[in-house]
Each structure stands twice: as structure tokens, then as C-alpha cells.
Amino acid sequence: MAAGRSLSRSERKAAARAELLRQEEQRERRRQVSRILFKPMAERSPDEALLLSGCQEIVRDLERLRKKRERLRRRLEEASARLAVLCEQRGVSISNRVFLCGVNGREKRRRRFHPLRAAYLVCDEPEELKKKVSKLSLAVRAAKHLIIYTGAGISTAASIPDYRGPNGVWTMLQKGRSIRATDLSEAEPTLTHMSIACLHKHKLVHHVVSQNCDGLHLRSGLPQEALSELHGNMYIEVCTSCIPNREYVRVFDVTERTALHRHHTGRLCHKCGAQLRDTIVHFGEKGILQQPLNWEAAIEAASKADVILCLGSSLKVLKKYPHLWCMSKPPRRRPKLYIVNLQWTPKDDLAALKLHGKCDDVMKLLMDELGLPIPCYDRTKDPIFSLATPLRPEESSSHSRKPVAPPASLHEVQLGEQQQVPASPFSGGWFGRGCAKGTKRKKAS
């Protein structure tokens, strides 16, 4: 065709006809390849094998679609189970999926129920869970560098509520309900905490990255150098004026007077006299402290990991930290992911195995498979009492939180907490104050 000359009507019709024929030929070729792929390998003829070898791009595309459909099928099955459970709890039929959405019991609006976003649980059958734990134990044994990511779900057995579970903090607040009071000084390391410490002791786990602020990993005996508490520790306050930062471990919750963007605890550094601050990283804040966040060790451990085990985390926050998932590596070189959670997580599609079970149940089965006894928590060996810095006499009235009670055999530990302080109402700090997620503040009139 000469430059600048437009096509005639007959030429345009011929070109359109040729394009339609080409598209129809591609569709037919795609249908042929799809039918062949559905056949077992042994039943494919030499001509069919030759056709597949010549259509590698179509084969790869169909394989991607098959995996995508399989992931969607699994997710819909899980959603259907969630829907059935919720409908049974609310006493409605599955076909009636429009629910009232209210605040404090008052009807606000009607909305369609979304099963994939509901905060309720799916459990594997006992036999199925055992099979999955058996596979997990093989991965733990074979791992060269296993790291564990933990969330609030591992502490629910210690009567500390999680965030996004059926009775979690965010879930209750979004329903317009108040969160129940919890005496955190009574919490003790759970079976999962003790199992993780045991796995590290036997060099099966190299590092633990935790989103929890409850300090239970540290109290289980896990060394601080093997632990990254990304969102802080309720028992630790630091002096940022000292270089390196001076750390003060206490036997009580130091966050009584702190909140979002307000971190001073009201106590002073014993060396330089500067104000101490808590270590909590609230939603909307960026963690800047070296310890106990220990980001450097977390990133280094993630870069070496060949297996990641996620316990009790919804992963909705951890997924935002790309360095923890080795996203800069090619997909085949990224660590294998194993998830233990009763709810859907945004990483489920990438997991080598998803176990729907309670963390304590899974860890008990796993330790049995590995042949390792789970150590019982012993308050006389709780590291917090040996690590803690006692308050000065003038600081004895600087808090009203109930301290972790030392065992009777630790009379020699003088922490300035001889007088029992009455427990204050549940408020403040990392767990109470600042938990207004999903709610709107009223403007002052």
C-alpha cells in the first residue's frame, strides 16, 4: 500500500474478514488444547502431544486460569461454610442474606452480607488437621532457616482478645459494642509460646517476628536476640536520649499514660534524667526504636528464610511489610509459606499449606510429630523478674497497674512492688485507648 493512501471498502472488509478468521482459528486451537489437557497423560496421542508442544503459550495461559479457578473454588467453599455458620447463629435461612446493620442496637441501614469479609471461623476436621500437621512437620524438619510470624491469635488462650476474630477488638467496636476488661497482668505464656521457645532451643526455629505487645514471647524464655516485637512490648520503656537507647523492663504495663502519638510514661531515666517513653507502635505510626522492635534482625532473618510459619495472624498488617515476604526475589526463590488461622488471610493463595485450627491445637500436634515435649510455664523461671529494673522509691506512685506477681520463692527479687496496687479500669495504652477503629468521633458542640 502506498504511503498515505487509505484502504478501499473492499480492502477493509477483506482485512476484517481475515482478522475474524484468525480469531476463530485461535479460539478453536485453544479449545483443542483445553480438551487435551483434561485427558490423562497416558491417553494422549502422539499428535496431541505434538500439538501441546507447539502451543506452549496457550498451555501456560490455561494452567494459570486453572490455578486461579482452583483458588477461587477453595475460597468460595470456605465462604459458604462461614455463611452457613453465621446464618445458623443468627437464625436466618441461607437464601435471606440481607441483615440489619446497627449501632448500639439501633437500626442504621440495610446492607447485603459479604461472606468473605465476615469475622467468623472455619475449622478443619480432626483427621484432616492431623494430615496437614504431618506435612507441616516434614517442612519444619527439612527447613534450613525457619522463621515464625505470630499474631494476636496465639494469645487468645491467655484470655487476651485478638483484633479481627468474632470477639476481637475491631470486630466488637465495628458492631458498636464495648470491649471487655482484661487483666493483662494475669496472662501467662500459652502452649504455643512455650512450643516456639522449645523449637528455638532445639535450633528448629531461627527467629520469631511478632505483632503482639503482650510480652509473652519474652516471658516464655525466648531470647531477645531471636525476637522482633514489631509493635513493641507493654513491659518495656526506653530512654531515647541515651546512646545506645537505655532499656527498662518492668513487671507492670508501662502504657497507662500513653496513647497514639503520646508515648511518655511519666518516669525518668536513672542515668540522664530524660523522660522515658513506651515502645508501642500504634496504628498509623512508624516504628523507629531499635529495640524491642529489632527490625534489622527481622529483615535479615526473612532474607535467609526458606520456610515461614504464620501463627494466629490475619496478615492484614504484616502483608504491608514487603521486606518480610522477600518480594524482591523471583517467586520460585521465595520461602514456602505455611499459615495457621481459623479465618481467611490475604496470603492464603500463596501458601503451600493452610491449616484451619487453633494455634494451641496445631502446635500440640506438631510437637508430638516432632517428638519434642512441650515445657510448662514456670513462674519461678520467668525471665521478666531477672530482666526487670526496680522502681525508685519516689516512682512507686507513678502507675496504678497491677504488677505481675512474683512466685513465693523469689523473695530476693526486690522490684519495688511489695504493696499490691489495685487494678485500674481497663483503659489506656496499646490495648484500650486509641481503639476507635471504624467509629466516627462526634464534634464538640
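Residues numbered from 1 in each chain as written. Predicted model: local features only at pLDDT ≥ 70, side-chain atom pairs only at ≥ 80, totals over all residues. Heavy atoms only, no water.

1. Some points on the overall build of the protein
Within the protein one finds 10 helices and 12 strands. The buried share among the 445 residues of the protein stands at 43%. If you take every contact in the protein between residues at least 6 apart in sequence, the share linking residues at least 24 apart comes to 64%. A total accessible area of about 25,500 Å² is found for the protein, and carbon and sulfur atoms account for 53% of it. (Helix = DSSP H or I, 4+ residues; strand = E, 2+ residues; numbered from the N terminus. Buried < 20%, exposed > 50% of the residue type's maximum accessible area, 1.4 Å probe, protein only. Contact = heavy atoms within 4.5 Å. Areas by Shrake-Rupley, 256 points an atom, 1.4 Å probe, with all protein chains shown as cover.)

2. Quick notes on the sheet that holds strand β11 (residues 336-340)
Two pairing modes exist for strands in a sheet, parallel and antiparallel, and in both the strands are linked by backbone hydrogen bonds. Taking strand neighbours across the sheet as the criterion, the 6 strands line up as β5-β4-β3-β10-β11-β12 in an open arrangement whose pairing is parallel. At either end of the open sheet lies a strand with only one pairing partner, and these are β5 (227-229) and β12 (353-355). With strand direction ignored, the average angle separating the axes of adjacent strands in the sheet is 15°. Where strand β3 (residues 146-150) meets strand β4 (residues 207-210), 4 bridges bridge the pair, whose relative direction is parallel. Note on β4: the bridge partner recorded for I147 is H207. (Pairing = 2+ DSSP bridges. Axes fitted to C-alpha atoms, helices over the stretch in contact; angles between N-to-C directions.)

3. Re the packing of helix α6 (residues 191-201) against helix α9 (residues 359-370)
Close contact between α6 and α9 brings their axes to 9 Å; oriented N to C, the two are set at 35°. Between α6 and α9 lies a crossing whose hand is left-handed. In this structure, α6 contributes L191, T192, S195, I196, C198 and L199 to the contact, and α9 contributes C359, D360, M363, K364, M367 and L370. Among the residues forming the contact of α6 with α9, the class breakdown is 8 nonpolar, 2 polar and 2 charged. (Left-handed = near helix turned anticlockwise from the far one by under 90°. Nonpolar A, V, L, I, M, F, W, Y, C, P; charged D, E, K, R; others polar.)

4. A short note on the nonpolar core
If you look at the biggest cluster of nonpolar residues, it comprises 30 residues, and the most contacted ones within it are L136, L309, L311 and L355. Residue assignment for this core shows that the elements contributing at least two residues are α4 (126-142), β3, α6, β10 (307-311), β11, β12 and α9. L216, I236, V281 and I384 belong to the second largest nonpolar core, which has 22 residues in total. (Core = buried A, V, L, I, M, F, W, Y, C linked by side-chain atoms within 4.5 Å.)

5. Some details on unusual backbone geometry
For the peptide bond that leads from I243 to P244, omega is -5°, which places it in the cis range. With respect to the helices and strands, the residue P244 is situated in the loop between β6 (236-239) and β7 (246-249). Look at the link from Q291 to P292: it is a cis peptide, with omega at 5°. You will see that H261, though not glycine, has its phi angle at about 60°, which is positive. Looking at the element boundaries, H261 is found in the loop between β7 and β8 (264-268). H261 gets classed as exposed once you look at its relative accessible area, which sits at 60%.

6. Observations concerning the confidence of the model for the protein
Mean pLDDT over the protein stands at 79; residues scoring 70 or higher make up 76%. Taken as a whole, residues 411-429 scores under 50 in pLDDT and shows 39 contacts with residues more than four places along the chain or in a different chain. (pLDDT = per-residue confidence, 0-100.)

7. So, the packing of α4 against α9
Between α4 and α9, the least distance of the axes is 9 Å, while the angle of their chain directions is 55°. Taken together, the axes of α4 and α9 are oblique relative to one another. Judged by the sense of rotation from one axis to the other, the crossing of α4 with α9 is right-handed. Taken together, the residues of α9 that come into contact with α4 (itself represented by L129, K130, V133, S134, L136, S137, V140 and R141) are V362, L365, L366, E369 and L370. (Parallel < 35°, antiparallel > 145°, perpendicular 65-115°, else oblique.)

8. Things to note about the packing of aromatic side chains
Counted under the stated rule, the structure contains 2 aromatic pairs. Here Y149 and W325 contribute two aromatic rings whose centre-to-centre distance is 5.3 Å and whose plane-to-plane angle is 90°, an arrangement assigned as edge-to-face. Of the two residues, Y149 sits in strand β3 while W325 sits in the loop between β10 and β11, which places them 176 residues apart along the sequence. Of the two residues, Y149 and W325, both sit in the buried class. On the basis of an interplanar angle of 90° and a centroid distance of 5.0 Å, the ring pair of W295 and Y321 is categorised as edge-to-face. One end of the pair, W295, is in helix α8 (residues 295-304); the other, Y321, is in the loop between β10 and β11, and 26 residues separate them in sequence. The side chain of K347 reaches across the aromatic face of W325, ending 4.6 Å from its centre. (Phe/Tyr/Trp six-rings, centres within 6.5 Å; stacked < 30°, edge-to-face > 60°. Lys NZ or Arg CZ within 6 Å of the ring centre and 35° of its normal.)

9. Quick look at a positive patch on the surface
Taken together, the side chains of R9, R12, K13 and R17 present a region of like positive charge at the surface. The residue R17 is located in helix α1 (residues 9-38) in this model. (Patch = residues over 30% accessible without salt bridge, like charges linked within 9 Å, V, L, I, M, F, W, Y side chains within 5 Å. Salt bridge = Lys/Arg side-chain N within 4 Å of Asp/Glu carboxyl O. Lys, Arg positive; Asp, Glu negative; His and termini not counted. Charge placed at Lys NZ, Arg CZ, Asp CG, Glu CD.)

10. Let's talk about the sheet that holds strand β9 (residues 275-278)
Ordered by their spatial adjacency, 4 strands build an open sheet running β7-β6-β9-β8, and the pairing between neighbours is antiparallel. Looking at strand neighbours, the two that pair on one side only are β7 and β8, the edges of this open sheet. The sheet shows a mean angle of 35° between the axes of neighbouring strands, taken without regard to direction. Two strands pair when backbone bridges link them, and β8 and β9 are joined in this way by 2 bridges, in the antiparallel orientation. By the bridge assignment for β9, H264 is matched with R277.

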